[in-house]
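Observations on chain architecture
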Amino acid sequence: MTLLSVGDKAPDITLPRDGGEIVNLADFAGKNVVVYFYPRDNTPGCTKEAIGFTENFADFDALNTVILGVSKDSVKKHDNFVAKQNLKIALLSDEDGDVCERYGIWVEKKMYGKTFMGIERATFLIGADGNIAKVWRKVRVPGHVEDVLQAVRDL
């Protein structure tokens, strides 16, 4: 596993999104892209994060920035999550974990004395040039969307 750093070329992403359409990172050439990885749909922290990005959708859009949420949930689970929470952002399904591996966020985690593999909540800001402009690892949800929005403004 390679840890991605600022300045690195962002690994390609080609995944199905809610609704079933295939999304390619290359489709957004010339735009900034926020790719945020989260553990699971309909959990408290993940719901707050998705709603936060949705509430700020217009601000990101005005800054030529696309938001892509990625988890290992199925497209069907994403469809339910989007409908239940009225989300405006694209949720990508990485069921086989390939993109999670390439972004280095499929990691060993510990909870209640048990060790398991899971998604580390992380966000990557990819500049219009396709390179990583900023990385947030081990994200805490409160205030995170605002931090990402400020980083986009600072580009």
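For the structure, check the block above.
A brief report on the enclosed structure follows. (Residues numbered from 1 in each chain as written. Predicted model: local features only at pLDDT ≥ 70, side-chain atom pairs only at ≥ 80, totals over all residues. Heavy atoms only, no water.)

**Re the side chain of Thr 123**
For the record, the criterion: Helical segments are the DSSP runs of H or I of at least four residues, strand segments are the runs of E of at least two, and each set is numbered from the N terminus. Relative accessibility under 20% of the residue-type maximum defines a buried residue, over 50% an exposed one, and the middle range a partly exposed one, all with a 1.4 Å probe and only protein chains included. Between N or O atoms, a polar contact is any pair within 3.5 Å; within protein, one atom must be a potential hydrogen donor and the other a potential acceptor, and residues adjacent in sequence are included only when both atoms are from side chains. Any two residues whose heavy atoms approach within 4.5 Å at even a single point are treated as in contact.
As for its position among the elements, Thr 123 is in strand β8 (residues 122-126). Among the residues examined, Thr 123 registers a relative accessible area of 0% and is labelled buried. For Thr 123, the side chain forms a polar contact with the side chain of His 144, separated by 2.7 Å. Contacts of Thr 123, omitting those with residues within four sequence positions, involve Val 34, Val 35, Tyr 36, Glu 49, Lys 134, Val 135, Trp 136, Val 139, His 144 and Val 148.

**As for the pattern of salt bridges**
Heads up, the condition is: Any Lys or Arg side-chain nitrogen found within 4 Å of a carboxyl oxygen on Asp or Glu counts as a salt bridge.
In total, this model carries four salt bridges according to the counting rule given. Arg 121 is paired through a salt bridge with Glu 49; the nearest N and O atoms lie 2.7 Å apart. With Arg 121 in the loop between β7 (114-119) and β8 and Glu 49 in helix α1 (residues 44-55), the pair connects residues that are 72 residues apart, well separated along the chain. Its salt-bridge partner being Asp 98, residue Arg 102 comes within 2.8 Å of it at the nearest N-O pair. In this pair, Arg 102 and Asp 98 both sit in helix α4 (residues 98-102), four residues apart, roughly one turn of the helix. The exposure class of Arg 102 is partly exposed, given its relative accessible area of 32%.

**Re the packing of aromatic side chains**
Quick note on the threshold: Aromatic pairing here means that ring centres of Phe, Tyr or Trp (its six-membered ring) are within 6.5 Å. Orientation follows from the plane angle: under 30 degrees is stacked, over 60 is edge-to-face, and everything else is tilted.
A full pass over the atoms with the stated rule returns six aromatic pairs. Taken together, a centroid distance of 4.6 Å and an interplanar angle of 25° make the contact between Tyr 36 and Phe 53 stacked. Here Tyr 36 is found in strand β3 (residues 32-37), whereas its partner Phe 53 is found in helix α1, with 17 residues between them in sequence. A relative accessible area of 0% places Tyr 36 in the buried class. Residue Phe 53 is classed as buried on the basis of its relative accessible area, which comes to 0%. Relative to Phe 124, the ring of Phe 37 lies with its centre 5.9 Å away and its plane at 90°, an arrangement referred to as edge-to-face. Of this pair, Phe 37 sits in strand β3 while Phe 124 sits in strand β8; the two residues are 87 residues apart in sequence, bridging distant segments of the chain. This pair shows no difference in class: Phe 37 is buried, exactly as Phe 124 is. Taken together, the ring pairs connect Tyr 36, Tyr 38, Phe 53 and Phe 60 into an aromatic cluster.

**Things to note about the side chain of Glu 49**
When its relative accessible area of 1% is taken as the criterion, Glu 49 is described as buried. When near neighbours in sequence (up to four residues on either side) are disregarded, Glu 49 contacts Tyr 36, Tyr 38, Arg 121, Thr 123, Val 139, Val 141, His 144 and Val 145.

**Focus: the pairing of strand β6 (residues 106-111)**
Rule in force here: By this definition, two strands are paired if DSSP reports at least two bridges between them.
By the bridge criterion, six bridges tie β6 to β7 in an arrangement that is antiparallel. Following the sheet pairing, Glu 108 is matched in β7 by Met 117.

**Quick notes on a nonpolar patch on the surface**
Put simply, the rule reads: Exposure above 30% relative accessible area and the absence of a salt bridge qualify a residue for a patch, where like charges join within 9 Å and nonpolar side chains (Val, Leu, Ile, Met, Phe, Trp, Tyr) within 5 Å. Only the protein chains shown count as cover for residues, and all accessible areas are computed by the Shrake-Rupley method using a 1.4 Å probe.
A surface patch of nonpolar side chains, about 380 Å² in accessible area, is lined by Met 111, Tyr 112 and Phe 116. The residue Met 111 is located in strand β6 in this model.

**Looking at the packing of α1 against helix α5 (residues 144-153)**
So the rule is basically this: The angle between two axes is taken between their N-to-C directions and runs from 0 to 180 degrees, where each axis is a line fitted to C-alpha atoms and a helix contributes only its stretch in contact. When describing relative orientation, an angle under 35 degrees is termed roughly parallel and one over 145 degrees roughly antiparallel, while 65 to 115 degrees is termed roughly perpendicular and anything else oblique. When the near helix sits turned anticlockwise from the far one by under a right angle, the crossing is termed left-handed; a clockwise turn instead gives a right-handed crossing.
Two elements in contact, α1 and α5, have axes whose closest approach is 9 Å; the angle formed by their N-to-C orientations is 40°. When the interaxial angle is binned, α1 and α5 end up oblique. The handedness of the crossing between α1 and α5 is right-handed. On α5, the residues that touch Glu 49, Gly 52 and Phe 53 of α1 are His 144, Val 145 and Val 148.

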